[in-house]
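Observations on the model geometry
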Amino acid sequence: LPPAPNVTFTVLTPLPETMTVGQTYEFVVQIMSDTPFISATALPDMYYPGRYVVAHGASRSGAGTSATLTVTWTAKASTAGLPGGVAPVAVVAGVRFQGGVVVSQRFDYNVSVP
């Protein structure tokens, strides 16, 4: 077996701890690999899909050894009534290599919307 690719995920702009209703924020992650990949993707994951803090789709790139991906989020409603007063959200970023190997990392956040 060939050695596993060495992939680093660097969050350039994390999600803030607090957003206001109507505020839009961009989560940006940079991916670097020592082996060329086929594609890179960043996908949102929401515990309350479509409510409170919502993402506007995924971000994708084609083949290469680096990619900068952006997932845009918008605060839609107050999280005051939720457990802990926060909405759990996440971004999962990953790269796919020739032969089906996938390397990914998950970034979890708890966002409060007053």
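As the structure is a computational prediction, the values presented were derived from the model and not from experiment.

1. Notes on the sheet that holds strand S4 (residues 53-55)
With respect to topology, 4 strands assemble into an open sheet ordered S1-S2-S6-S4, the strand pairing being antiparallel. Either end of the sheet is taken by a strand with one partner, and the two such strands are strand S1 (7-13) and S4. Sheet twist, expressed as the average angle between the axes of neighbouring strands with direction ignored, equals 25 degrees. Across 6 bridges, the pairing between S1 and strand S2 (residues 24-37) is antiparallel. Among the inter-strand pairings, Thr8 is bridged to a residue of S2, identified as Met32.

2. Considerations on the side chain of Ser33
When you line up the elements, Ser33 lands in strand S2. According to the relative accessible area criterion, Ser33 is buried, its value standing at 10%. One polar contact links the side chain of Ser33 to the main-chain carbonyl oxygen of Thr35, over a distance of 2.6 Å. Contacts of Ser33, omitting those with residues within four sequence positions, involve Pro5, Asn6, Val7, Thr65 and Phe97.

3. Side note on the environment of Val103
Position of Val103 among the secondary structure elements: in strand S8 (residues 102-111). Residue classification places Val103 among the partly exposed positions, given a relative accessible area of 23%. As a C-alpha pair, Val103 and Ala40 span 63 residues in sequence and 9.6 Å in three-dimensional space. Excluding its chain neighbours within four sequence positions, the residues that come into contact with Val103 are Val7, Phe9, Ala93, Gly94, Val95 and Phe97.

What counts, and at which threshold
Residues numbered from 1 in each chain as written. Predicted model: local features only at pLDDT ≥ 70, side-chain atom pairs only at ≥ 80, totals over all residues. Heavy atoms only, no water. Pairing = 2+ DSSP bridges. Helix = DSSP H or I, 4+ residues; strand = E, 2+ residues; numbered from the N terminus. Axes fitted to C-alpha atoms, helices over the stretch in contact; angles between N-to-C directions. Buried < 20%, exposed > 50% of the residue type's maximum accessible area, 1.4 Å probe, protein only. Polar contact = N/O pair within 3.5 Å; in protein donor to acceptor, adjacent residues only side chain to side chain. Contact = heavy atoms within 4.5 Å.

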